[in-house]
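Letter by letter, the chains look like this.
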Amino acid sequence: MHQFGSRKVVVIGTGRVGSHAALSLMFNQLVDEIVLLDVNAEAAYAEMVDLKDWTSALNVHVKVRTGTYEDCADARFVIMTAGRHRRPGESRLQMLDGTFQILRGIVDPLKASGFHGICISVSNPADVVAEYLYRELGLPRSHCFGTGTALDTFRMRRAVGNRIALERSQVQAVVMGEHGDSSFIPTSHVFLAGVPLTEYVRMRPEQADLLDFDSISEQVRNAGANIIKGKGATEFGIGATVAKIVSSILHNEKRVIPLSAHLEGEYGERDVSVGVPCLVGEDGIEHIYELELSDAELGALHNSCEIIRGSFATLG
């Protein structure tokens, strides 16, 4: 892995997601320098000034500035949040054309900068964008991936914990597949306070109806759309998710996070990026865990991959 003298991050796209990703990184004081890039230079400058005010008020020493793609050359991370906004009632896949019109103008200058750090893609549709960036940037798959189903997983753990009055950190489970309508929860790998789901339900039969994972999956899939309907965008949760991933890399935490990773035979899939559990450490994705899934769960994963491939194939 390349060694860097500073913890420098370039955030591409300074809308509500990009600005809150930057804020989360600053709040946790994970990085030394944040460079904001946006096609709307005036908006990027305004975000920079506002963030500088935040650092002044809290006496946080993180350098924040606007810049150019040349700043990517020595960046440890590029956080890709550029793309058009998701509208109320719209699926993430429906954002495809608008987002890729924007991304096509970003990839060439990013490559030309000589960037050789870790690219974390947030833009929707998350899995299609992650695969596109992996193919175009020429980075190893350990260094180019999407946030995938990480936020879905955090939402799911909270939902389960709320239903059965259990601290969410005691919910050991992941969401896999597309960051979208075909995501699923592999219930064969759900543990509650360290107890397998089937055994937990045997011990607490009165909670069986609460642990309806079809209902929980639907709740998780609709979470983002409900936030967008109410306030126009999701921002805080995904910003914190980016910070969690960056922290896992910088601190070599060896944390398992479901990310949209390019598969090279895992789960019988190739040439697609999709949400799978990944070991995250100082070199990015250090291992992809290939869970033993039931036939139904494996079918759900294959279905997600086909949906992502189909969307990718529509790109010109």
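Residues numbered from 1 in each chain as written. Predicted model: local features only at pLDDT ≥ 70, side-chain atom pairs only at ≥ 80, totals over all residues. Heavy atoms only, no water.

(A) Seen up close, the overall build of the chain. A count of helical and extended segments in the chain gives 9 helices and 12 strands. For a compact globule of 316 residues, the expected C-alpha radius of gyration is about 20 Å, and the chain comes in at 19 Å, within 12% of that figure. The buried share among the 316 residues of the chain stands at 53%. The contacts of the chain with a sequence gap of at least 6 include a subset with a gap of at least 24, amounting to 70%. In the form shown here, the chain has an accessible surface area of approximately 13,800 Å², with 49% of it arising from carbon and sulfur atoms. Side-chain charges in the chain split into 30 positive and 40 negative, and the spacing between the mean points of these groups amounts to 4 Å. (Helix = DSSP H or I, 4+ residues; strand = E, 2+ residues; numbered from the N terminus. Rg over C-alpha atoms; globule rule 2.2 N^0.38 Å. Buried < 20%, exposed > 50% of the residue type's maximum accessible area, 1.4 Å probe, protein only. Contact = heavy atoms within 4.5 Å. Areas by Shrake-Rupley, 256 points an atom, 1.4 Å probe, with all protein chains shown as cover. Lys, Arg positive; Asp, Glu negative; His and termini not counted. Charge placed at Lys NZ, Arg CZ, Asp CG, Glu CD.)

(B) Seen up close, the packing of helix α1 (residues 16-27) against helix α8 (residues 236-250). It is the contact of α1 with α8, at a shortest axis distance of 8 Å, that shows an interaxial angle of 50°. By the criterion of interaxial angle, the relationship of α1 to α8 is oblique. Of the two possible hands of crossing, α1 and α8 adopt the one that is right-handed. Residues V17, H20, A21, S24 and L25 of α1 pack against F236, I238, G239, A240, V242, A243 and V246 of α8. Classifying every residue of the contact of α1 with α8 gives 9 nonpolar, 3 polar and no charged. (Axes fitted to C-alpha atoms, helices over the stretch in contact; angles between N-to-C directions. Parallel < 35°, antiparallel > 145°, perpendicular 65-115°, else oblique. Left-handed = near helix turned anticlockwise from the far one by under 90°. Nonpolar A, V, L, I, M, F, W, Y, C, P; charged D, E, K, R; others polar.)

(C) Representation of helix α2 (residues 41-58) in the model. Taking 1.5 Å per residue, 18 residues should reach 26 Å; α2 reaches 26 Å between its end C-alpha atoms and fits that length. Those residues of α2 lying buried are A44, M48, L51, W54 and T55. Along α2, the residues classed as buried sweep out an arc of 120° about the axis, all on the same side. Away from the buried face of α2 by more than 90 degrees, exposed residues E42, S56 and A57 are located. Those residues of α2 that are buried are in contact with α1, β2 (33-37) and β3 (63-66). (Expected span 1.5 Å × (residues − 1). Arc of directions from axis to C-beta.)

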